[in-house]
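# Reading the structure
In case you want the letters, here they are:
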Amino acid sequence: WPDKPPLIAAPDSNFDAEWFSDFLRALFPRAGSGPSSIPAQVPIDMVTHHMYPLGPGDDVEMARKSIEPHKLELSSERLKLVGRLVANVSNRTAMPVVSETGGAYNSGRHGVTNAFVSGFWWNDLQGSLSKHGHAMGCRQSLVGGRYALLDLPSRQPSPDFYSS
């Protein structure tokens, strides 16, 4: 730590393309104009966003949606958009990061986000993170909720634990 300060991450929110564009342009204003413009010195290393690609935890169709190719492709497209936006606006000085994900928000869905079928969206997301220039992706919870990597009462890892 004395030789290299910790990384700074922001804004750690859900992704909204218009808001993120404005936020990044405020953080990384260009000096001058034209292709030789240089971003201002901004102390931010990671541009973070949340992602819950399966939607709300109370969706009774979640198991089917978690293996639907179109649904998985939507996640990949979003990661591509975020990756390009961060790279272009920051002039590749900041890394995009999914700082929170768990498949479904509101604590996931029992029998889906804590079961074998959850591996389809989770493994696909991990590959898409790498493909689209994200530095990393963090699960919402190690313990707690129905999307945790470890089931606290049984003390057993969830299926997603093994591919993490």
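Below, the structure is looked at part by part.

Each value, and the rule that gives it
- Residues numbered from 1 in each chain as written.
- Predicted model: local features only at pLDDT ≥ 70, side-chain atom pairs only at ≥ 80, totals over all residues.
- Heavy atoms only, no water.
- Helix = DSSP H or I, 4+ residues; strand = E, 2+ residues; numbered from the N terminus.
- Buried < 20%, exposed > 50% of the residue type's maximum accessible area, 1.4 Å probe, protein only.
- Contact = heavy atoms within 4.5 Å.
- Areas by Shrake-Rupley, 256 points an atom, 1.4 Å probe, with all protein chains shown as cover.
- Lys, Arg positive; Asp, Glu negative; His and termini not counted.
- Charge placed at Lys NZ, Arg CZ, Asp CG, Glu CD.
- Expected span 1.5 Å × (residues − 1).
- Pairing = 2+ DSSP bridges.

### What about the overall build of the chain?
Along its length, the chain carries four helices and 10 strands. Along the first, second and third principal axes, the C-alpha atoms of the chain reach 55 × 40 × 25 Å. Taking all 164 residues of the chain together, 40% fall into the buried category. The long-range fraction of contacts in the chain, counting pairs at least 24 apart against all pairs at least 6 apart in sequence, stands at 72%. Accessible surface, the chain: about 9,300 Å² in total, of which carbon and sulfur atoms supply 56%. Computed over 15 positive and 16 negative side-chain charges, the inter-centroid distance for the chain is 3 Å.

### A word on the side chain of serine 158
You can see serine 158 is positioned in the segment after β10 (156-157). Once residues within four sequence positions are removed from consideration, serine 158 is found in contact with Ala148, Leu149 and Leu150.

### Re helix α3 (residues 69-90)
The end-to-end C-alpha distance of α3 is 31 Å, a good match for the 32 Å that 22 residues give at a rise of 1.5 Å each. Listing the buried residues of α3 in full gives Leu72, Ser75, Ser76, Leu79, Val82, Gly83, Leu85, Val86, Ala87, Val89 and Ser90. Where α3 ends, the next residue or the one after it, asparagine 91, has phi of about 55°, a positive value.

### Points about the pairing of strand β4 (residues 46-51)
Of all six residues that make up β4, six are buried, and the element is covered over most of its length. Summarising the sheet, β4 and strand β6 (residues 95-101) pair through six bridges and their orientation is parallel. Across the sheet, methionine 51 pairs through a bridge with threonine 101, a residue of β6.

These figures capture arrangement, not role.
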